[in-house]
Structures are given as C-alpha cells and as structure tokens.
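Close look at the chain arrangement
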Amino acid sequence: MPITLKLNGQPRAWSGDPDQPLLWFIRDDAGLVGTKFGCGIGSCGACTVHVDGAAQRSCVTPMAAVDGKSVTTIEGIGKDGALHPVQQAWLDEDVAQCGYCQPGQIMAAIDFLQQNPSPDEAAIRASINNLCRCGTYVRIARAIQRAARSGAKA
Amino acid sequence: MTAAIDRRSFFRLSAVAGSLVLAVPRQALAVIAGPVEDGAAIGLFVRIRPDGRVIIRTPSTEIGQGTSTAIPMIIAEELDVAWDKVTVGMMTGQMREGMEGPLPPGIFYEGAGGSNAVRRSYAPAREVGATIRQLLLAEASAVLGLPLDRLATSEGQVFDRQQPRRRVDYGKLAAGAAVRPLPKGPPPLKSPDQFRIIGTPQPQKEARAVITGQPLYGIDQSMPGMLHAVCLRPEVVDAQIATVDDKAALAVPGVRAVIRLPAIAPGALYDNSPLGAAVAVVAESHWAALKGRDALKVTWTEPALREDSAAMVEAGYARLTGAGAVPVGAAGDAGAAFARAAKVVEARYDAPMVAHATLEPQNTIALVTAERCEIVTPTQRPSLCATTAKAITGLPLDRIKITAVRSGGGFGRRLSADQVAEAVLIAKAMPGVPVKLLWTRECDITTDVYRNGSAQRLRAGLDASGRIVAWQHDVATQARRYRRSDDQSDKGLSEGEVPVFDAPGALVADRAYRYAPIFSAVARGSWRAPGANIHGWTEQCFVDELAEAAGADPFDFRLAMLTGDAVLGNDRDRYSVKRLARVIAELKTRSGWQGRRVGKGGAGSKGRGMAAHFSFGSYVGHVVDVTMGEGGAFSVDRVVSVIDCGLVINPNGVTMQNEGAINDALNTALSLEITLKDGVVQQRNFDSYEMMRMDRAALRIETHILPSDEAPSGMGEPSLPPFAPALCNALYAATGKRIRRLPIRDQLA
Ligand code: FES
Ligand code: FES
C-alpha cells in the first residue's frame, strides 16, 4: 500500500521506503528545496514543515508517520503568489543573512503565532528554538512581534 | 581613485575571449558583448534590459555577509540607475589559466574572505559603473545628435541639460552602448556628496528569494541524471582504509557504487589542506546512499598517533614557557624593562579549537568526463575550486566550469576546497555521471578545518604611575596553516597568528613575542576573523586586568595609551591609533559609561564590560551589560557597539553583520569547543556541539556607525573579536571572577 499524503494541497503517493524521512521526500522526490537539511537529528529546525498545521521537524519524521496527513512547506504558505504575513514581516525586518535557516524559522513562527497571537519577547525566546548560525535572532524576534502586531494568522 | 590595473592581463583576457582589444577600463568590465534579446550585457558586470531593469553581477560570493547587495550598490551609484530597478546575481564565467574566476587577477576581490570584498572592490566597482555610464552618454549623444557636454544622467536616463524633458532611457541605449569604443582615460566619478545609493540603508536584494524557499544554495542545485553520494569516515583521525566489504551496501535498493577514497596528504592536490580517508556510497537518492553507508563493513588501520587534544595543549604550553619557544618579534629590551617595572602582571589564557558548522553542510555537485569537468558549489573561493579540479582531473582550466552559488554560511569554511576535491574524486570514478556529494552534519563537524586553539601567556610591566612599560605575549597554537602532527617548526606560521601589530603591545617600546606549536593531527583553517578572534579576547581581557592593577578606569587606561598618530599593522591591514581611540571615546559617551563597579556574583548581580579591537580593516568597540542568573547562568541584557569602517556603503548591512557577529561570538564563548580524545573528535552533531538558540541570544544591540571619509572597509569579521572580551570583562564586573579559559560553560556556577 503506498503512503498517501497532501503536499501543499496536492495529493501525492509514495511507495518507497516508509522509513525515509519526510525531508528527503520533500527535497529529492517532490523537488521542493525550500525545506533545508541542517542536522538530521531534529535539533536545528532548518527542516521545519507543518504536518496537519503543526510545526514538525521533517528530518526525523518518517514517511510512514505522514500517511493520510497534510504537509505544508515554505513554498505552500503564501496564497496566490502573495507572501504570507509572517514572510512579509521577515522582509520588513530584513532578517536573513545567509538565509539558510529562515524558511524553517518562518514555519516555526507561523505555528507559534497561531498559538500565541500576541506574544511578548520572553515567550518568543522560550518557544522558538530553531538554530540560526548567522545569529539573526535580534531580527527574528522583531519580525515575530511585527507579524503579531499585523495580526498574522495562517 | 582608480583601480590598480595590469594592462597585460587585460589584453591577454581580451585575446582569449576572442574580442577586439579595447582600452583598459573596458577590459576591467571583461568584454563580452552579450546577446541583445534579453537586454544588452555591458561587460560581465552589467546587463541593461530594454525595460530599464538592470542586472548587476559580482564575483564576490554571497555567504550571508551582504556583499551581493553592497557591491552592486557601488556600481549602481556610478552607473546612476534607480536602486529599485536593480537585481543582483553571481558572476559566472569560464575559468582560465592565471585568472581569478572570469576576471584577471587583482581587479576585483573574487570570493569572500578577510572582509575583503567591499574594501578591495570599492574603487574598481565605481570605475565599472562610471565607465558604463560614459558609454551610455556617448550613445545618447549619437542618438540625439547632441554634444556630450549637453548631456547628463539621472536614475537610468540620459537627459538634455538645456531641455530636461528630453530624455532617453538607458534601456533604449544599452545595445548601442555595448558595442561602443571605450572613452579614453579613467571615467569621471561622483563626489561623495552626490551619492544617492551609497550610504543609504538597503535591505538585502535576495531576501525575498530566501524567504520564499527559492533554490539558491548549493544543496538546492541539481543536474540531469544526477546521483547522490555520502561518505563513511573513520572515527579515529588519520586512520586509513584497511578492508572494505561492500556486498550488503551494494544490495541496498538504489545504491549504484561504492568508492574507496584514500587520504590526501596536504599539498598533494591543491592548496595545502589534507583530506582524510573515506568510503563513498553513490546512490539514486541521498536516503539510499545513507542506508548503503550504514550497510558498509569497513575496517581501518591504526594511525601513528591517537590525539588527546588537552594533553597536546599542555605540551605546547610547556614548550612555550620552557626552552622550546621561538622568538617571533621584539623591540627594545623587554627583559630590562620588566626588571625595572614597579608591578608585573601575568596571566594564562586558553581558547579551544572550534568548528565552522555552517548551517548548510558542505556539498558539491561534480561531473567529470574525458573532455570536461563541471562543478556547482557553495564556495568562498571559486578559483581554488578550479585549480583543485584541475589537479584531480588533469584537465586544463578552460575545460573546467565552476558555478559558485549562494552559501548557507561561510565563516571561512568554504575558503577550503577539500569537499570539492572529494566530490571530484568521486565523479572521476563515475565518468559522465553528475554526482552530488552531501556531507552529513556528523561528517561536517568531524571533517572541518577547525579554528586553531591557543594557550597564551601575557605579561606586562607597569611603572609607578600605572603605565605599561614592558610587554610580552607568548602564543602556543596549532597554527592556522594546515600542518600535521610531525611538523614542529614555526614554518608556515601565518601573519597575525602572533599579534605583533596589536595595540597596546605594539605601542610599548620594550616588547617581545614568542611562539610554540601545539601538535595536532586535525586540519585547521580560517574561521571568522582568524587570529583576531582569539587575540582580541586575550589582549582585551588582559588589558582589563592591567587597568584594574593600575587602579584605572578601563576606558581611561586605554585612551591614555592610544595617543598620537601612530599607524600600526602591515601592508594589508594598516590601522591608525587615532581611529581606534576615537571609537573608544565615542563608546564611552554613547554607552553612558559610569566607571567600573565589581559585583559579588550570585543571582541578580549585574556587570558592565568593554573592549575595542581593530581587525581586517575596521575598528569596533562594544560595551556589554550582563545580569547573573541561577547556577552561573547569565543573560546579555544590552550591547552598545561603535564602529568605524570608513565610508559606509550599506549601513543596514553593517548593522546586520554587527548583530550577527555579536551572537556568533556569544555562542562561541558560551559553549563551543572541539576536543579529541583517543584520536576521536568528541563533538559530532548539534547535540554535542551546542549551538546557541534565541533563549540565550543578545537581542538588544545598539549599533553606532561613525561617519568617516576614509576608504570603506569590510564588516564580515571585525565586530566579532571585541565581543568575547567585553562579555568576559562584564562577567568579571558582575562576579569578581576572571574568565581565562573558553568556553565559559559552567565556570561561573
Ligand atoms: S535538519 Fe531537521 S532539525 Fe536539523
Ligand atoms: S541566516 Fe544564516 S543560519 Fe540563519
């Protein structure tokens, strides 16, 4: 029985190794490379996607675990070519340096804001634990607050 | 100011390109009159589309330091186009013998390193923009039938000075301009008061592509028919392959080949980085390659040495303080000055090796056939990738194509091409098949070219008035150049390893410096602000100790030393004592410094510390505020930074680099180190190599950039060296405990 899932709204079937992490399905099989590989052990968050709307680290999520689920990647969060409000906040604060962590940061922030629509800095610090090697934390925190002010929801 | 230009290399370039031999500035543009259908290319740098949009390409690779925005800003300024009409890209082109990427050497800084891209590209970038503007003016003169002196430019248009409504868009002139002969002599440049783009805060041009997940990075690239490779390495550094049983690996679905890769000795193939032995598994997907790797049965030989890094450091320090130290610089008579001093202060400081841990792990796509080699890679040094591929394939450079793409972090890691060598070796074993080599995080951390660690002894003699009158700085280190365990000399000690030019030591008449090697089998390389990233810490912490011993305020103590107009440094990095003093004086004012107070430690205790350092062309000082928490934890509440980086191209870029470098330095000082036990690197992934997250980050950073007419200098590195000492000095103020060994970890518990 192939594994079936929705990827950014499109139905997909997978009949390969059910142990393969979702990350490599997204990158190598579906060809969506906005979701990044950083560690492979669920630590850095570069591979963060939404599974049924909740942020999840796709490098430690086997394909078997997303059977019947709906997966959203950074490529799937904007509507009709427009940016998601959290992406817009990232642009307005000019967050990215190398930028490699940022798709994962944005996916984590969207989920966080759904649960904490008006967070203070302490809540952001305590909840967002994605790694940014370039140290853009100053602006990540600012962008999340800006998105909250603009009433960003998913 | 005009770029230093080597005429002969331009002419050679032009002959190779099969173009007409043109005047000098045109060659600086690297002549390729491009196809007109997508707008006219005017040299390799600029393409102007009929609709007026402008694409500016630069040879400096983007690693997150912002030069893909800053350098096009310089070109766009002199070209006189509207910045919002500009898109940016990486210059690609054919590698040739004696060239730096597609350009002759010495014109533009190719790649990314040493905070060089902006400072070495400023003058030639202006000339490129200004020359193309001259060509557009000449074309407009012909089209409008008006003399040149009646024409002027503004925001991508040429207009008639007498009837300003008579205007022509650059887009309509570009095709004609591209084939015009060059104006003679250097083009006129704007005066700084005419700048409309330079000096304005601009967001990064590629930000939108980044946050929408576009395929920008090396790891995102692919070639048709591409296979995926991963490597199995020995746990013990320097072990060689003994036996390989690949039956089970080859039986894994999707696995296509298993390739033995013997170790490469330093200097054997390229540069002088070594590369350890590995067994590569090539498969149809990255996941299949990983499964194949897990099914391999490999035995390894026992190396001559199983390194214990802590013991090596102690042996090196014993050598340094015993008979084995090598003098590397002295002035006056330090011995006599110490004998005369009223007070002598001495301290040992230790910093560990650290890894780069770029968030995008090392990767390269390589294709090798009998006729050609193609490489796609995130690199800081495209031409080193080309010479590496040449050494492995035996192909001439004009058969080797390097596509350098955006890097998910560099920090000096991608100045080495060991990962490119490995990819080309694998691809060479599979002729005609493109292979993407991707290092796992474990592979990336254990196969790095680490920042060298260091054990240092600093001594200073103070006279009765508290002035430094004797200075001695002894440095034991694994040394940055990639030496192996058997090399005991100081040969290859690179400049900056022992900081003979740093203030305040270099301002003391009687001074001495010594060096001793720490042996290590692991490779070392450049890590953000090489040399300065440790010396800035040791010197600026030690100066804080001296100020205290002298009973002086840390600002006043420094400023008393930094008087006069002395210029220190070497040809590459000259620094003025005056500019450093200005940064320190401004820092004192802007931080609202009110003198040093030493707290008792314990939760709630607060401390302030400062440090200032020159490195890689720029002057940076920080004041750091900390509050102690429970169990030796602390928070960084506020950082005030003052920066002199000469004329500022993009203030927003400078601020970003300051914020990033501060958090990089905080992360590194807090918890990072690479250690070896029994020949095995102890840190393997982000569980054992603890990268800081937002919970401990410095979020309140005030960046003050001082106005300056001096030549621009880079900011990729200089904010990093003064942060760790400002932090440690603040922690001392909060707790009364000196941090003389990094990382800090639980030393304050
Ligand atoms: S790659 Fe998944 S958490 Fe790091
Ligand atoms: S921007 Fe480089 S890792 Fe976050």
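Please read these numbers as outputs of a predicted model, since none were measured by experiment.

**Topic: the overall build of chain A**
Summing up its helical and strand segments, chain A has five helices and five strands in all. For chain A, the α and β elements follow one another from N to C terminus as β-β-α-β-β-β-α-α-α-α. In summary, chain A has a C-alpha radius of gyration of 15 Å against a globular reference of 15 Å for 154 residues, a match within 12%. If one aligns the C-alpha atoms of chain A with their principal axes, the spans along those axes are about 45 × 30 × 25 Å. Each of the 154 residues in chain A was classed as buried or not, and the buried ones make up 58%. Computed over 14 positive and 14 negative side-chain charges, the inter-centroid distance for chain A is 6 Å.

**Here we look at the domain arrangement of chain A**
All names here are of chain A. Per the domain assignment, the segments making up chain A are domain 1 (3-75) and domain 2 (85-149). Across the boundary between the two partners, domain 1 contributes 17 residues, which contact 13 residues of domain 2. For the domain 1 and domain 2 pair, buried surface summed over both sides reaches about 1,100 Å², with 57% attributable to carbon and sulfur atoms. Along the contact surface separating domain 1 from domain 2 lie zero salt bridges. The interface formed by domain 1 and domain 2 holds eight residue pairs in polar contact (both at pLDDT 80 or more) in total. The set of elements that each furnish at least two residues to the side of domain 1 that touches domain 2 consists of β3 (48-51) and β4 (54-57).

**Notes on the environment of G78 of chain A**
Residue and element names in this part refer to chain A. By the secondary structure assignment, G78 is in the loop between β5 (70-72) and α2 (85-92). Residue classification places G78 among the partly exposed positions, given a relative accessible area of 26%. Expressed as a C-alpha distance, the spacing of G78 and G16, which sit 62 residues apart in the sequence, is 29 Å. Beyond its immediate chain neighbours, meaning those up to four positions away, G78 contacts L83, H84 and Q87.

**Structural notes on the layout of surface pockets**
All names here are of chain B. Here the second largest pocket defines a volume of roughly 590 Å³. As for the second largest pocket, its lining consists of 33 residues, of which R233, P234, G276, T446 and T447 are closest to the centre. It is helix α13 (residues 441-446) that provides the largest number of residues to the lining of the second largest pocket, a total of three residues. In terms of residue class, the lining of the second largest pocket is built from 19 nonpolar, five polar and nine charged.

**Focus on the interface of chain A and chain B**
Facing the 51 residues of chain A at the interface are 59 residues of chain B. Between chain A and chain B, roughly 4,500 Å² of surface is buried when both sides are summed, and carbon and sulfur atoms account for 59% of that area. When the shortest N-O distance is used, the salt bridge between D220 of chain B and K36 of chain A registers 2.6 Å. In this assembly, chain A and chain B are joined by 28 residue pairs in polar contact (both at pLDDT 80 or more). No other element matches the six residues that helix α5 (residues 137-149) of chain A contributes to the side of chain A that touches chain B.

**Thoughts on the sheet that holds strand β6 (residues 157-160) of chain B**
Residue and element names in this part refer to chain B. Spatially, β5-β6-β7 is the arrangement adopted by the three strands of the open sheet, whose pairing is antiparallel. Two strands bound the open sheet, and with one partner strand each, they are β5 (151-154) and β7 (167-169). Neighbour to neighbour, the strand axes of the sheet diverge by 25 degrees on average, direction disregarded. Across the sheet, helix α4 (residues 116-144) is in contact with β5, β6 and β7; its angle to β5 comes to roughly 125 degrees. Packing against the sheet, helix α5 (residues 170-178) makes contact with β5, β6 and β7, and its axis sits at approximately 70 degrees to β7.

**Digging into the packing of aromatic side chains**
Residue and element names in this part refer to chain B. Applying the stated criterion across every chain, the model contains nine aromatic pairs over all chains. When the centroid spacing of 5.2 Å and the interplanar angle of 90 degrees are considered together, the rings of Y349 and W537 count as edge-to-face. Of the two residues, Y349 sits in strand β14 (residues 343-351) while W537 sits in helix α14 (residues 532-549), which places them 188 residues apart along the sequence. Of the two residues, Y349 and W537, neither departs from the other in class, the shared state being buried. Through a chain of ring-to-ring contacts, the aromatic side chains of Y575, F614 and Y619 assemble into a single cluster. In this structure, R348 packs its charged tip against the face of Y317, placed 3.9 Å from the ring centre.

**Side note on the sheet that holds strand β15 (residues 363-368) of chain B**
Hydrogen bonds along the backbone pair up the strands of a sheet, which may run parallel or antiparallel. Residue and element names in this part refer to chain B. Strand order in the open sheet formed by seven strands is β10-β11-β8-β18-β15-β16-β17, and the pairing between neighbours is mixed. Strands with a single pairing partner mark the edges of an open sheet, and in this sheet they are β10 (255-261) and β17 (400-405). Shown here is a sheet whose adjacent strand axes are inclined to one another by a mean of 20 degrees, direction ignored. Sheet topology places β15 next to strand β18 (residues 435-438); four bridges connect them, and they run antiparallel. Residue pairing in the sheet places N363 in a bridge with L438 of β18. Across the sheet, helix α11 (residues 382-393) lies against β15, β16 (373-378) and β17, angled at about 145 degrees from β17, the strand it touches most.

**A look at empty space enclosed by the protein**
Residues and elements named next belong to chain B. Going through the model one piece at a time under the given rule, you end up with 10 cavities of 30 Å³ or more. When its volume is computed, the largest cavity comes out at roughly 110 Å³. P352, R451, N533, W537, A665, T668, A669, L720, P721, A724, P725 and L742 together form the lining of the largest cavity. Those elements that place two or more of their residues in the lining of the largest cavity are α14, α17 (651-671) and α18 (723-735). Per element, the largest residue contribution to the lining of the largest cavity is three residues, and it comes from α17. By residue class, the composition of the lining of the largest cavity is nine nonpolar, two polar and one charged. Considered as a void within the structure, the second largest cavity measures approximately 80 Å³ in volume. As for the second largest cavity, its lining consists of A503, P504, Q540, V543, R558, M561, L562, L580, I584 and A612. Of all the secondary structure elements, the ones that give two or more residues to the lining of the second largest cavity are α14, α15 (554-561) and α16 (577-590).

**Observations concerning the environment of P188 of chain B**
All names here are of chain B. Within the secondary structure, P188 is located in the loop between α5 and α6 (207-211). Separated by 54 residues in sequence, P188 and A242 place their C-alpha atoms 66 Å apart. Excluding residues within four positions of it along the chain, P188 makes contact with E78, A130 and Q134.

**Notes on the packing of α2 of chain A against α5 of chain A**
All names here are of chain A. At a closest axis distance of 8 Å, the pairing of α2 and α5 adopts a crossing angle of 130 degrees. In this view, α2 runs oblique relative to α5, as classed from their interaxial angle. As α2 packs across α5, the resulting crossing turns out to be right-handed. Facing α2, whose interface residues are V86, A89, W90 and D92, α5 presents I140, A143, I144, R146 and A147. Of the residues contributing to the contact of α2 with α5, the split by class is seven nonpolar, no polar and two charged.

**Considering the nonpolar core**
Formed by 137 residues in total, the largest nonpolar core has its most connected members in W90 of chain A together with F634, L727 and I744 of chain B. What F634 of chain B contacts, discounting residues up to four positions off in sequence, is V626, T627, M628, G629, L670, R696, L727, L731, I744 and L748 of chain B. Formed by 44 residues, the second largest nonpolar core is a distinct cluster that contains V46, L79, L151 and F195 of chain B.

**Focus on the pattern of salt bridges**
Per the stated rule, a full pass over the model turns up 53 salt bridges over all chains. The partner of D169 of chain B in a salt bridge is K172 of chain B, with the nearest N and O atoms 3.9 Å apart. Residue classification places D169 of chain B among the partly exposed residues on the basis of a relative accessible area of 31%. Between R414 of chain B and E360 of chain B there is a salt bridge; the shortest N-O distance is 3.8 Å. One end of the pair, R414 of chain B, is in the loop between β17 and α12 (418-428); the other, E360 of chain B, is in the loop between β14 and β15, with 54 residues separating them in the sequence. A residue is classified by how much of its surface remains accessible, and R414 of chain B, at 0% relative accessible area, is buried. The structure contains a network of salt bridges with shared partners spanning D92, E93, R139, R142 and R146 of chain A together with E659 of chain B.

Here is what the cut-offs are and how they apply
- Residues numbered from 1 in each chain as written.
- Chains lettered and ligands numbered in written order.
- Predicted model: local features only at pLDDT ≥ 70, side-chain atom pairs only at ≥ 80, totals over all residues.
- Heavy atoms only, no water.
- Helix = DSSP H or I, 4+ residues; strand = E, 2+ residues; numbered from the N terminus.
- Rg over C-alpha atoms; globule rule 2.2 N^0.38 Å.
- Buried < 20%, exposed > 50% of the residue type's maximum accessible area, 1.4 Å probe, protein only.
- Lys, Arg positive; Asp, Glu negative; His and termini not counted.
- Charge placed at Lys NZ, Arg CZ, Asp CG, Glu CD.
- Domains from an automatic or database assignment.
- Contact = heavy atoms within 4.5 Å.
- Buried area = accessible area lost by both parts, 1.4 Å probe.
- Salt bridge = Lys/Arg side-chain N within 4 Å of Asp/Glu carboxyl O.
- Polar contact = N/O pair within 3.5 Å; in protein donor to acceptor, adjacent residues only side chain to side chain.
- 1 Å grid on protein atoms, 1.4 Å probe; cavity = no way out; pocket = protein on both sides within 12 Å on 5 of 7 lines; lining within 4 Å.
- Points joined across faces, edges and corners; volume = space filled by probe spheres on them.
- Nonpolar A, V, L, I, M, F, W, Y, C, P; charged D, E, K, R; others polar.
- Pairing = 2+ DSSP bridges.
- Axes fitted to C-alpha atoms, helices over the stretch in contact; angles between N-to-C directions.
- Phe/Tyr/Trp six-rings, centres within 6.5 Å; stacked < 30°, edge-to-face > 60°.
- Lys NZ or Arg CZ within 6 Å of the ring centre and 35° of its normal.
- Parallel < 35°, antiparallel > 145°, perpendicular 65-115°, else oblique.
- Left-handed = near helix turned anticlockwise from the far one by under 90°.
- Core = buried A, V, L, I, M, F, W, Y, C linked by side-chain atoms within 4.5 Å.

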